[in-house]
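# Inside the fold
For reference, the chains in residue letters:
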Amino acid sequence: MLDSDNAAFILTGVSISLASCNPGRLPSMSRGLGCKLIDDGRQVTIFLRRSQSEALLENIRSSGGRVANVFSLPSSNRTLQLKGVDARIVPFAAEDTPVIEEHIAEFLLEVVPLGMSEAVVRAILAYQPDDLVSVVYSPSAAFSQTPGPKAGAPLG
């Protein structure tokens, strides 16, 4: 589903949002703290704070695993959306902590030159390891969401 360029893109200092909705179509969303690709890029893992994602996690459970995942690079507004229908919630593996730390460092390199305070960004992305959870899904659809005439276009 992801070519090498888009796979590399989602592993940079992008802003990550993961969303789902309940059976009544009421959406919920949480900020991702990083991601990794597994199974040769056929699956995406998103790291979340459980305490800030309770509604989202419940919606993933009640929707049968339907998610929408947005990756946006602040400096260019390049945006990619992935959708999945098989998301599952798994315990956070401590060996993935460096993935989160690298993501935060790369995100800071993106937003501090744009005028964001490093202290504010660190506060927004602060986490406790025992509060982390992972969501794993297989992308079933991908779209360019970069503002402009091709926004919403499916990726080939």
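Please refer to the structure placed before this passage.
An account of the accompanying structure is given in this report. For clarity, every value in this text was computed on a predicted model and none was experimentally measured.

### Re the layout of surface pockets
Quantified by volume, the largest pocket comes out at close to 290 Å³. Among the secondary structure elements, those contributing two or more residues to the lining of the largest pocket are β1 (15–21), β5 (67–72) and β6 (79–84). Here the element with the most residues in the lining of the largest pocket is β1; it accounts for three residues. Within the lining of the largest pocket, the residues separate by chemical class into seven nonpolar, five polar and three charged.

### Re a nonpolar patch on the surface
Residues M116, V120 and I124 make up a contiguous nonpolar surface patch of roughly 230 Å² in combined accessible area. As for its position among the elements, M116 is in the loop between α3 (97–111) and α4 (118–124). We classify M116 as partly exposed; its relative accessible area is 38%.

### Some words on the sheet that holds strand β4 (residues 43–49)
Read from one edge to the other, the open sheet built from four strands follows the order β3-β4-β8-β7, with strand pairing classed as antiparallel. The two strands at the open ends of the sheet, each matched to only one other strand, are β3 (35–38) and β7 (88–91). Strand-to-strand twist in this sheet, taken as the mean axis angle between neighbours without regard to direction, amounts to 30 degrees. As paired strands, β7 and strand β8 (residues 132–137) are joined by four bridges and run antiparallel to one another. Residue V90 lies in a different strand from β8, and its bridge partner there is S134.

### Observations concerning the nonpolar core
If you look at the biggest cluster of nonpolar residues, it comprises 24 residues, and the most contacted ones within it are I10, L18, I46, F71, L82 and Y137. Broken down by secondary-structure element, the contributors of at least two residues to this core are α1 (4–10), β1, β4, α2 (54–62), β5, β6 and β8. Ranked by size, the runner-up nonpolar core spans twelve residues in total, among them L33, F47, I100 and V121.

### Structural notes on the side chain of N6
Here N6 lies in helix α1. On the basis of relative accessibility, which here comes to 10%, the residue N6 falls in the buried class. At 2.8 Å, the side chain of N6 and the side chain of R78 are in polar contact. Residues contacting N6, with those up to four places away along its chain left out, are R78, L80 and L155.

### What about unusual backbone geometry?
Of note, R25 is a non-glycine position whose phi angle comes to about 75 degrees, a positive value. Its place among the elements puts R25 in the loop between β1 and β2 (27–31).

### Considering the environment of L56
Mapped onto the elements of the fold, L56 is located in helix α2. As a C-alpha pair, L56 and S20 span 36 residues in sequence and 6.1 Å in three-dimensional space. The contacts of L56, once residues within four sequence positions are left out, are L18, A19, S20, S28, S30 and L48.

### Considerations on the environment of S17
The topology assignment puts S17 in strand β1. Looking at S17, the relative accessible area reads 22%, which means it is partly exposed. The sequence separation of S17 and R61 amounts to 44 residues, and the corresponding C-alpha distance is 18 Å.

### A few points about the side chain of E110
The topology assignment puts E110 in helix α3. The side chain of E110 sits in the buried core without any salt bridge; R78 is the nearest counter-charge, 10 Å away. At 2.7 Å, the side chain of E110 and the side chain of S75 are in polar contact. Excluding anything up to four places from it in sequence, E110 contacts G13, L73, P74 and S75.

Calculation rules
- Residues numbered from 1 in each chain as written.
- Predicted model: local features only at pLDDT ≥ 70, side-chain atom pairs only at ≥ 80, totals over all residues.
- Heavy atoms only, no water.
- 1 Å grid on protein atoms, 1.4 Å probe; cavity = no way out; pocket = protein on both sides within 12 Å on 5 of 7 lines; lining within 4 Å.
- Points joined across faces, edges and corners; volume = space filled by probe spheres on them.
- Helix = DSSP H or I, 4+ residues; strand = E, 2+ residues; numbered from the N terminus.
- Nonpolar A, V, L, I, M, F, W, Y, C, P; charged D, E, K, R; others polar.
- Patch = residues over 30% accessible without salt bridge, like charges linked within 9 Å, V, L, I, M, F, W, Y side chains within 5 Å.
- Areas by Shrake-Rupley, 256 points an atom, 1.4 Å probe, with all protein chains shown as cover.
- Salt bridge = Lys/Arg side-chain N within 4 Å of Asp/Glu carboxyl O.
- Buried < 20%, exposed > 50% of the residue type's maximum accessible area, 1.4 Å probe, protein only.
- Pairing = 2+ DSSP bridges.
- Axes fitted to C-alpha atoms, helices over the stretch in contact; angles between N-to-C directions.
- Core = buried A, V, L, I, M, F, W, Y, C linked by side-chain atoms within 4.5 Å.
- Polar contact = N/O pair within 3.5 Å; in protein donor to acceptor, adjacent residues only side chain to side chain.
- Contact = heavy atoms within 4.5 Å.
- Lys, Arg positive; Asp, Glu negative; His and termini not counted.

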